[in-house]
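# Analysis of the macromolecular model
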2 protein chains.
Amino acid sequence: MSRALSTPLAVSLGDPAGVGPEVIAKCWDNRDGFALPPFVAIGDPRSVAAVWDGPIELVDDPRQADAAFDFGLPLIQLNAPRPDMPGHPSVAGAHTSLDSLEIAVGLARSGSAAAVVTGPVAKEQLYAIGFQHPGQTEFVAERCGVAPGNVVMMLAGPTLRTVPVTTHLPLDEVAARLTSALIESRGRAALRGLQRNFGIAEPRLAISGLNPHAGEGGQLGREEIEIIEPAIAALAAEGWRVTGPHPADTMFHARARAMYDAALCMYHDQALIPIKALHFEDAVNVTLGLPIVRTAPDHGTAFDIAGTGKANPSSLVAALKLAARLAAADENKLRTAAAARA
Amino acid sequence: MSRALSTPLAVSLGDPAGVGPEVIAKCWDNRDGFALPPFVAIGDPRSVAAVWDGPIELVDDPRQADAAFDFGLPLIQLNAPRPDMPGHPSVAGAHTSLDSLEIAVGLARSGSAAAVVTGPVAKEQLYAIGFQHPGQTEFVAERCGVAPGNVVMMLAGPTLRTVPVTTHLPLDEVAARLTSALIESRGRAALRGLQRNFGIAEPRLAISGLNPHAGEGGQLGREEIEIIEPAIAALAAEGWRVTGPHPADTMFHARARAMYDAALCMYHDQALIPIKALHFEDAVNVTLGLPIVRTAPDHGTAFDIAGTGKANPSSLVAALKLAARLAAADENKLRTAAAARA
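None of the values given here were measured: they were computed from a predicted structure.

### Concerning the overall build of chain A
Within chain A one finds twelve helices and twelve strands. Projected onto its principal axes, the C-alpha coordinates of chain A cover approximately 60 × 55 × 35 Å. Within chain A, the fraction of its 342 residues that count as buried is 58%. Expressed as a percentage of contacts within chain A between residues at least 6 apart in sequence, the contacts between residues at least 24 apart total 75%. When the accessible surface of chain A is summed, it comes to about 13000 Å², and 52% of that surface belongs to carbon and sulfur atoms. In chain A, the 28 positive side-chain charges and the 36 negative ones have mean positions that sit 6 Å from each other.

This is the structure in structure tokens:
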């Protein structure tokens, strides 16, 4: 296993009644086979013990996780009023998942953890306890002091990375929400993220059209001409390597994918259909534009299979490995910068 | 090569200035390697000779094609006023491509050809000569006496088949055009086509949602509840095996694809993105609901590479092979029916 990072990854367990506790336990079980870096979970140990009989090593500080990692799953304990049953989410569990997220982000912000990997939460439960954000991403952005508009969600798989411009909107509202300014800011955040987090000096961004055949010269919609092309021109004028608008259906085959480092897509399913068709098991959700590294597995709480032992840890494995890679790149950059100053 | 069919496939060359002539010639060149059944092209031999120096066997009747096939590319000659240059479409070429299509359909209707495989046309050129249909599919439907609403386009690849409910519409107009009746009629045509053409006795149809997460219980759009679910219930009440509405992003990974024979999708890119991401080289466009078998390669005229020798014949190869398979199934059914009557 890799010990390249100076601090462990902080993993929020997500909803204690979901599959989060099970998949993190499976990751620890197979830490050598998966070549995983040390990590520390944050949550209620009873939610892990409910689905796994392996050893749990309670720690107070992530700095203890490295030594503990060989003996058990390092875990910073949260004191929930009562444990949740797998598959039966509760308001108490929502509080635990939010506390876990908040602590994980704080550890990464302070430098005690190298990066944050967030387990799946149940938004309905969070809304019930007064959570005001559309999702974990916006919460993390706020805790990092970054405006939500300046962070973007990237779905990253082995042969494709996609970034949606709009996300959880009814399809009927997508066209009305698209603006050149939004496409530009999402595109810029994606390009900077490719540089900073992925170490790509001159990233290439392929930008999709909205309509079939990218509007076919205006015959199948005018958003390409009026909104998307001006945004592409503006990004190009800043010196970025951008192309498009591309017909979305011919952007994602192997030869097309080789032409860009990420695809900027206009709506949720345009970005999510190809990544999940090609990389369902190992796609990772990465938040770009934050001062910390944050990844997440690309699946939900899966309450229907929680507690049955069926949850597949491969997306969390990919999220842990990518977080470690991105954090190591950040650490190296800091070391290089420090050396340059010395 | 297969000689299982009693008559050859009829292939319209499509626009003579596009890649149609080149890819059909490449198919004949590699007829043994690709194990292709006999076919007869219909078009201007000069458009083939402009991009290929192999032998052309002019025939008057498809019945001569079987014998001619070993010696050259069998071709029913159309007398265009002048040959088109590759990459330079013209009004004359549009007339030739329309004549070619009409003759190919007539041959299949009369039983002289086993099936029709249509080469790519340029819609703008066709519109310029007064073509009134949205595409070749609707033209073929009319020539077969079938209302356009009763035929559906299926994209068929080795591990996925998709059928769009709406096709060439601006994204912004999709939601307004969706009705339960339209979903039902497209679904029924898809299911009957899977039975008749693909020989699947009890076909399973997975029906997508329109919105992200299939609307998430109405929070991200209500079309699933108000339009799609009633259509699914109506099809199920007729005894069809239908499921959904499924979130579109989790419908197309390998395990999900194994659960259905075709996916019914709400709009163009929802159906086309996954099929082209997974099967860009060998997806075939199949028209279901016709009294004849019609397939087409899943690419356009590609005027930009016409005449350069770069055109890839693999989609036409797949279209020819699938047409032969579907036509053979039809012939077998007719033979079985005749035997039962005797």
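### Let's talk about the sheet that holds strand S8 (residues 204-208) of chain A
All names here are of chain A. Taken in spatial order, the twelve strands line up as S3-S4-S2-S1-S5-S12-S11-S6-S7-S10-S8-S9 in an open sheet, and their pairing is mixed. Edge strands, defined here as strands with exactly one partner in the open sheet, are strand S3 (56-58) and strand S9 (241-246). Between one strand and the next, the sheet's axes are offset by a mean angle of 30°, whatever the strand orientation. Sheet topology places strand S6 (residues 152-156) next to strand S7 (residues 161-164); two bridges connect them, and they run antiparallel. Each residue of the ladder has a partner; that of Leu 155, found in S7, is Thr 162.

### Some remarks on the relation of the copies chain A and chain B
Once chain A is rotated about the relating axis by 180° and shifted along it by 0.0 Å, it coincides with chain B to within an RMSD of 0.0 Å. Such a combination of rotation and displacement between the chain copies is what one expects of a two-fold axis. Looking at the interface residues of chain A, 100% of them are also at the interface in chain B, so both copies use one shared face.

### Observations concerning the pattern of salt bridges
Residues and elements named next belong to chain B. A full pass over the atoms with the stated rule returns 29 salt bridges over all chains. Arg 82 is the partner of Asp 84 in a salt bridge, and the nearest nitrogen-oxygen pair spans 4.0 Å. Taking relative accessible area as the criterion, Arg 82 reaches 45% and is therefore assigned partly exposed. For the salt bridge of Arg 241 with Glu 202, the shortest nitrogen-to-oxygen distance reads 4.0 Å. Of this pair, Arg 241 sits in strand S9 (residues 241-246) while Glu 202 is found in the loop between helix H8 (180-196) and strand S8 (204-208), placing the two residues 39 residues apart along the sequence.

### Some points on the packing of helix H8 (residues 180-196) of chain A against helix H9 (residues 223-237) of chain A
Residue and element names in this part refer to chain A. At a minimum axis distance of 8 Å, the contact between H8 and H9 shows a crossing angle of 40°. By the criterion of interaxial angle, the relationship of H8 to H9 is oblique. The handedness of the crossing between H8 and H9 comes out as right-handed. Only Glu 226, Ile 227, Ile 228, Pro 230, Ala 231, Ala 234 and Leu 235 of H9 make contact with H8, whose side of the interface consists of Ser 180, Ile 183, Glu 184, Gly 187 and Arg 188.

### What to know about the interface of chain A and chain B
Chain A puts 35 residues into the contact, and the matching count from chain B is 35 residues. Summed over both partners, the interface of chain A with chain B buries about 3200 Å², with 62% contributed by carbon and sulfur atoms. Broken down residue by residue, the surface that chain A buries against chain B is led by Leu 171, Asp 249 and Ile 273 of chain A, which jointly contribute 21%. Here chain A is connected to chain B by four salt bridges. The partner of Lys 276 of chain B in a salt bridge is Asp 249 of chain A, and the shortest N-O contact between them spans 3.4 Å. Our enumeration of links across chain A and chain B arrives at ten residue pairs in polar contact (both at pLDDT 80 or more). Residues belonging to the side of chain A that touches chain B are distributed by class as follows: 16 nonpolar, ten polar and nine charged.

The rules we used
- Residues numbered from 1 in each chain as written.
- Chains lettered and ligands numbered in written order.
- Predicted model: local features only at pLDDT ≥ 70, side-chain atom pairs only at ≥ 80, totals over all residues.
- Heavy atoms only, no water.
- Helix = DSSP H or I, 4+ residues; strand = E, 2+ residues; numbered from the N terminus.
- Buried < 20%, exposed > 50% of the residue type's maximum accessible area, 1.4 Å probe, protein only.
- Contact = heavy atoms within 4.5 Å.
- Areas by Shrake-Rupley, 256 points an atom, 1.4 Å probe, with all protein chains shown as cover.
- Lys, Arg positive; Asp, Glu negative; His and termini not counted.
- Charge placed at Lys NZ, Arg CZ, Asp CG, Glu CD.
- Pairing = 2+ DSSP bridges.
- Axes fitted to C-alpha atoms, helices over the stretch in contact; angles between N-to-C directions.
- Least-squares fit on C-alpha atoms with pLDDT ≥ 70 in both.
- Salt bridge = Lys/Arg side-chain N within 4 Å of Asp/Glu carboxyl O.
- Parallel < 35°, antiparallel > 145°, perpendicular 65-115°, else oblique.
- Left-handed = near helix turned anticlockwise from the far one by under 90°.
- Buried area = accessible area lost by both parts, 1.4 Å probe.
- Polar contact = N/O pair within 3.5 Å; in protein donor to acceptor, adjacent residues only side chain to side chain.
- Nonpolar A, V, L, I, M, F, W, Y, C, P; charged D, E, K, R; others polar.

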